[in-house]
Amino acid sequence: MNLSRRSLLKSAAALAVFPTLARSAPLTLTAREGAQLIAPPGYPETDIWGFDGSVPGSPIHLKQGERVQRRLVNELPQATSVHWHGIRIDNAMDGVPGLTQEAVPSGATFDYDFIVPDAGTYWYHAHNKSVEQVARGLYGPLIVHESEAPDVGQDLVLMLDDWRLDPETAQITQDFDNGHDLSHAGRLGNLTTVNGAFDPSFPVQQNQRLRLRLVNAANARVFTVGLDGMSGWIVALDGMPLAEPIPIEDTFPLAPAQRADLLVDVLAADAETASLFSQERDGAFGLARFSVAGQAASTPRSGVRPLPPNPLPELTDINNVPRHEMRLQGGAMRWLESARIGETQLSGRELAQLGRFWALNGYAERPEDPFLDASLGSVHRIAFVNETVFPHAMHLHGHHFRLILPDGSLGPWRDTVLVERGETREIALVTDNPGNWLLHCHMLGHAASGMMSWYRVT
Ligand SMILES: [Cu+2]
C-alpha cells in the first residue's frame, strides 16, 4: 500500500516535470534564405543563405564539457548538413553527407547532439555543396569558454570572409563551378567582410585588453593578418591553447577554416583608430577598425599567461610510428595526366570534363578505401607532399594533430595545416576518436574538384 502510494507520488512528481520538458521545443538552427547589407553603405542588401537567416549564423556559446543540441531545419532549396569544425566530436554528429549521415533534404530536419570536450574558438558550417553553401553564408561561430577564462575588457569573435559580388547589384555571383577558379586558387572574392559586414568598427578604449577570436570562413582566401595600433600574442591556434603564447611581431597567415585567438592591448590613443588588416601582394587592406574612446587604464598591461590546456592525448614519441604520405596533385600548370574515380582510371582531359582538376594520391574523388586505416589509440605521421603550384589547407575531421617542425620537434596542435606550393608538411596524431573521418583541402573549390579523402579509426 505504502509502496504503491509512494510510486504514485513519484509519478505525480514526474508528471509535474515532464509536461514542461515536452512543451519546450528543441533549439533549432534553421538554414534559410535571408538578406543583409554585406557591401558598403549605399549598396542594396545581398541575398544570402544563413543559419537562422543571417551571416554569420546564430552564435553558439557554451562551457567546456557541455552539450550542444540543435535541430537543423532545412528551409533551403538544396539538401544540406552541418559540420562542427574542430570539435573532437562523436562521429555520427560530424555532418559529412555520404560518410557520417545522409544530406538533409529541403523541408527535413536532423538532430545534432554532442559534447564539446575542448575550450576554444570553433565554427560550424554547411558541409554539402560547401563551395556554394559556405560562399552563400552558411556558417557561424561555436565558442567554448574556459572555466577560468583570461581577464579581458572585451571578447570579440571576428569571422573573416570574402565575397564575390556583382559590383552593380551587390548580389553573389553564382559561378560556383567556374572551372578557372576550381583549377587555380579557388573562389576568391572582391569584397572582404568581418562578421558579415564590410569594414565594421568596434568601440574600444586605450590600453584595453581584448581577446580577438579570428576565424577564416572564406572559401579560398589565405588572409595575412596584421594589427595596427594594437600589440599582443597569439594564445591559441585552431582552438587549442599554445603552451607558450607567440608575440605578434609581424603578419601571420590564416588559411581557410583556421582560427587564431589573440590577446592584444589597444595602444592607439583616445580618438584614434586601431585596425586589423590583411597584407596582400598588392598592398594591405583593412578588415576591421577599432575606434578608441577613452582609456581603460593609464598604461597597457604587461605580459600574458597561457590559456589552460585542453585534455588532448599524450603525444611524445613520434620516431617509431608509421608514416603515411599524401601527395597533393594537379591544378593549373601541373595538370593531372590521369587519376582515378573509384576503380576507373581517367585521363586529365576526361577529368577536366567532369570538373575534376586535383587528386590526392591519385584519386580525384573520395576513394572507397580509406587513405589510412588506423587502430584506436595508435600514433601516425602524415606527410602532405604538395606537388602543385598552389597552397592547400589540409583539414582532418575528428582529431587535432601536432605539426612536426622542420627540426623534427613537435609544434602546435591544429586541425588545419597550410601546405605551401612545393612544400612538404608533416603532422602527427593519436587516432583516439573512432569513426570514418574526412580528410580534405579546405579551399572548398579544390575539395569539390578532387581533393577529398578519408581515414578510418576502429
Ligand atoms: Cu587546395
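These numbers come from a predicted model, not from an experiment. (Residues numbered from 1 in each chain as written. Predicted model: local features only at pLDDT ≥ 70, side-chain atom pairs only at ≥ 80, totals over all residues. Heavy atoms only, no water.)

Novice: Looking at this model, I keep getting lost on the sheet that holds strand 29 (residues 416-419). Mind explaining?
Specialist: Note: strands within a sheet are paired through backbone hydrogen bonds, in either parallel or antiparallel orientation. Ordered in space as 24-32-31-26-29, the five strands form an open sheet in which the pairing is mixed. Of all strands in the sheet, those bounded by a partner on one side alone are strand 24 (372-374) and strand 29. This sheet shows a mean twist of 20° between the axes of neighbouring strands, independent of strand direction. Examined bridge by bridge, strand 26 (residues 392-396) and strand 31 (residues 435-441) share three bridges and lie antiparallel to one another. Looking across to strand 31, one finds that His395 is bridged to His440. (Pairing = 2+ DSSP bridges. Helix = DSSP H or I, 4+ residues; strand = E, 2+ residues; numbered from the N terminus. Axes fitted to C-alpha atoms, helices over the stretch in contact; angles between N-to-C directions.)

Novice: Teacher, can you tell me more about the sheet that holds strand 17 (residues 259-266) here?
Specialist: Pairing within the open sheet is mixed, and its six strands lie in the order 10-9-12-17-14-15. Sheet topology places strand 10 (191-194) and strand 15 (240-247) at the edges, where each strand pairs with a single neighbour. Each strand axis lies, on average, 25° off the axis of its neighbour in the sheet, ignoring direction. By the bridge criterion, four bridges tie strand 14 (residues 230-237) to strand 15 in an arrangement that is antiparallel.

Novice: I'm lost on the layout of surface pockets in this one. Help?
Specialist: Take a probe with the size of a water molecule and roll it over the atoms, and the empty space left behind shows itself. When its volume is computed, the largest pocket comes out at roughly 620 Å³. Surrounding the largest pocket, 19 residues form its lining, Leu188, Val222, Glu280, Arg281 and Pro391 being those nearest its centre. Classifying every residue of the lining of the largest pocket gives eleven nonpolar, two polar and six charged. Considering only enclosed or pocket space, the second largest pocket measures out at about 360 Å³ in volume. (1 Å grid on protein atoms, 1.4 Å probe; cavity = no way out; pocket = protein on both sides within 12 Å on 5 of 7 lines; lining within 4 Å. Points joined across faces, edges and corners; volume = space filled by probe spheres on them. Nonpolar A, V, L, I, M, F, W, Y, C, P; charged D, E, K, R; others polar.)

Novice: Sorry, what's going on with the environment of Ala260 here?
Specialist: With respect to the secondary-structure elements, Ala260 resides in strand 17. Under the relative-accessibility criterion, Ala260 is labelled buried at 0%. In this structure, the C-alpha to C-alpha distance between Ala260 and Pro105, residues 155 residues apart in sequence, is 34 Å. Leave out the neighbours within four places in its chain, and Ala260 touches Leu212, Arg213, Leu214, Ala236, Leu237, Phe252 and Leu254. (Buried < 20%, exposed > 50% of the residue type's maximum accessible area, 1.4 Å probe, protein only. Contact = heavy atoms within 4.5 Å.)

Novice: Teacher, can you tell me more about empty space enclosed by the protein here?
Specialist: Taken as a whole, this structure holds two cavities of 30 Å³ or more when the rule is applied. Each pocket or cavity is described by its volume, and for the largest cavity that value is around 50 Å³. Ala135, Asp162, Trp163, Arg164, Ile172, Arg187, Gly189 and Asn219 are the residues that line the largest cavity. Taken as a whole, the second largest cavity holds about 40 Å³ of empty space. In this structure, the second largest cavity is lined by 13 residues; those nearest its centre are Gly86, Ile87, Leu396, Gly398 and His399. When residues of the lining of the second largest cavity are traced back to their parent elements, those giving at least two are strand 5 (82-85) and strand 26.

Novice: Help me out: how do you make sense of the environment of Pro313 in this one?
Specialist: Counting through the fold element by element, Pro313 comes out in the loop between strand 19 (283-295) and strand 20 (323-330). When the C-alpha positions of Pro313 and Asp432 are compared, they lie 7.9 Å apart, and in sequence the two are 119 residues distant. Beyond its immediate sequence surroundings of up to four residues, Pro313 is in contact with Arg88, Trp413, Val430 and Asp432.

Novice: Whenever I open this one, the coordination of the copper ion confuses me. Can you help?
Specialist: Coordination angles at a metal have ideal targets, namely 109.5 degrees for four tetrahedral donors and 90 or 180 degrees for six octahedral donors. Each protein donor to the copper ion is listed here as His392 (ND1), Cys441 (SG) and His446 (ND1); together their distances run 2.0 to 2.1 Å. Each donor residue of the copper ion lies on the same chain, and together they follow the pattern H-x48-C-x4-H. On the criterion of sequence distance, the pair formed by His392 in strand 26 and His446 in helix 5 (residues 444-448) is long-range, its members being 54 residues apart. By relative accessible area, His392 is classed as buried at 0%. (Donors = N, O, S within 2.8 Å, 3.2 Å for Na, K, Ca; no water.)

Novice: Looking at this structure, how should I read the packing of aromatic side chains?
Specialist: In this description, a pair of aromatic rings is defined by centroid distance and the angle of the planes. Enumeration according to the criterion identifies nine aromatic pairs in this entry. A centroid spacing of 5.5 Å and a plane angle of 40° characterise the contact between Trp84 and Tyr124, whose relative ring orientation is tilted. On the criterion of sequence distance, the pair formed by Trp84 in strand 5 and Tyr124 in strand 7 (residues 120-126) is long-range, its members being 40 residues apart. Accessibility expressed as a relative area gives 0% for Trp84, which makes it buried. Of the aromatic side chains, those joined through ring pairs into one cluster are Phe51, Trp84, Phe110, Tyr112, Phe114 and Tyr124. If you follow Arg136 out to its NZ or CZ, it ends over the ring of Trp49, 4.3 Å from the centre. (Phe/Tyr/Trp six-rings, centres within 6.5 Å; stacked < 30°, edge-to-face > 60°. Lys NZ or Arg CZ within 6 Å of the ring centre and 35° of its normal.)

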